[in-house]
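Residue-level structural notes
Below are the chains, spelled out letter by letter.
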Amino acid sequence: ATLEHLDELIEQMKQQTQISVDTETTSLRARQADVVGYSFCWKDGEAWYLPVRAPAGEPALAEKIVLEKL
């Protein structure tokens, strides 16, 4: 995932009337959980995933930037 992908996602989301949103977290306990990534879907069989935490060497976006842009 890159900032260009994020910008593309935002442009596509602006055109939708409904969007499904899901989060991947480090825990099922909300007060102890950190967000790992955000998922967005508005079309059957197609979804976007924005990782904000990942293992070393794996792509991830800065969570602050993702939240600001969203």
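See above for the structure.
These lines cover the structure that appears in this document, whether it is placed above or below. Because the structure is a prediction, the values reported are computed rather than measured.

With that settled, consider the overall build of the protein chain. In terms of helices and strands, the protein chain carries two helices and three strands. Starting at the N terminus and walking to the C terminus, you meet the elements of the protein chain as α-β-β-β-α. Over its C-alpha atoms, taken along the principal directions, the protein chain stretches across nearly 35 × 25 × 25 Å.

Quick look at the pattern of salt bridges now. Summed over the entire model, instances satisfying the criterion amount to four salt bridges. Ionic pairing is found between Lys69 and Asp7, a salt bridge with its closest N-O pair at 2.7 Å. With Lys69 in helix α2 (residues 63-69) and Asp7 in helix α1 (residues 3-14), the pair connects residues that are 62 residues apart, well separated along the chain. Residue classification places Lys69 among the partly exposed positions, given a relative accessible area of 36%. For Asp7, a relative accessible area of 34% puts it in the partly exposed group. A salt bridge links Arg53 to Glu63, with the shortest nitrogen-to-oxygen separation between them at 3.3 Å. Of the two residues, Arg53 sits in the loop between β3 (46-51) and α2 while Glu63 sits in helix α2, which places them 10 residues apart along the sequence. With a relative accessible area of 34%, Arg53 lands in the partly exposed category. Owing to a relative accessible area of 22%, Glu63 belongs among the partly exposed residues under this scheme.

So, on to the environment of Val52. Considering the arrangement of structural elements, one finds Val52 in the loop between β3 and α2. Judged by relative accessible area, Val52 falls into the buried class, the value being 9%. Note: C-alpha distance between Val52 and Ile19 (33 residues apart in sequence) is 20 Å. Beyond its immediate sequence surroundings of up to four residues, Val52 is in contact with Val35, Val36, Gly37, Tyr38, Ala60, Leu61, Glu63 and Val66.

So, about the pairing of β3. Where strand β2 (residues 35-43) and β3 come together, five bridges link them in antiparallel fashion. The residue of β3 that forms the bridge with Phe40 is Trp48. Here β2 hands over to β3 after two residues, with Gly45 in that stretch at a positive phi of 80°.

Rules behind the numbers
Residues numbered from 1 in each chain as written. Predicted model: local features only at pLDDT ≥ 70, side-chain atom pairs only at ≥ 80, totals over all residues. Heavy atoms only, no water. Helix = DSSP H or I, 4+ residues; strand = E, 2+ residues; numbered from the N terminus. Salt bridge = Lys/Arg side-chain N within 4 Å of Asp/Glu carboxyl O. Buried < 20%, exposed > 50% of the residue type's maximum accessible area, 1.4 Å probe, protein only. Contact = heavy atoms within 4.5 Å. Pairing = 2+ DSSP bridges.

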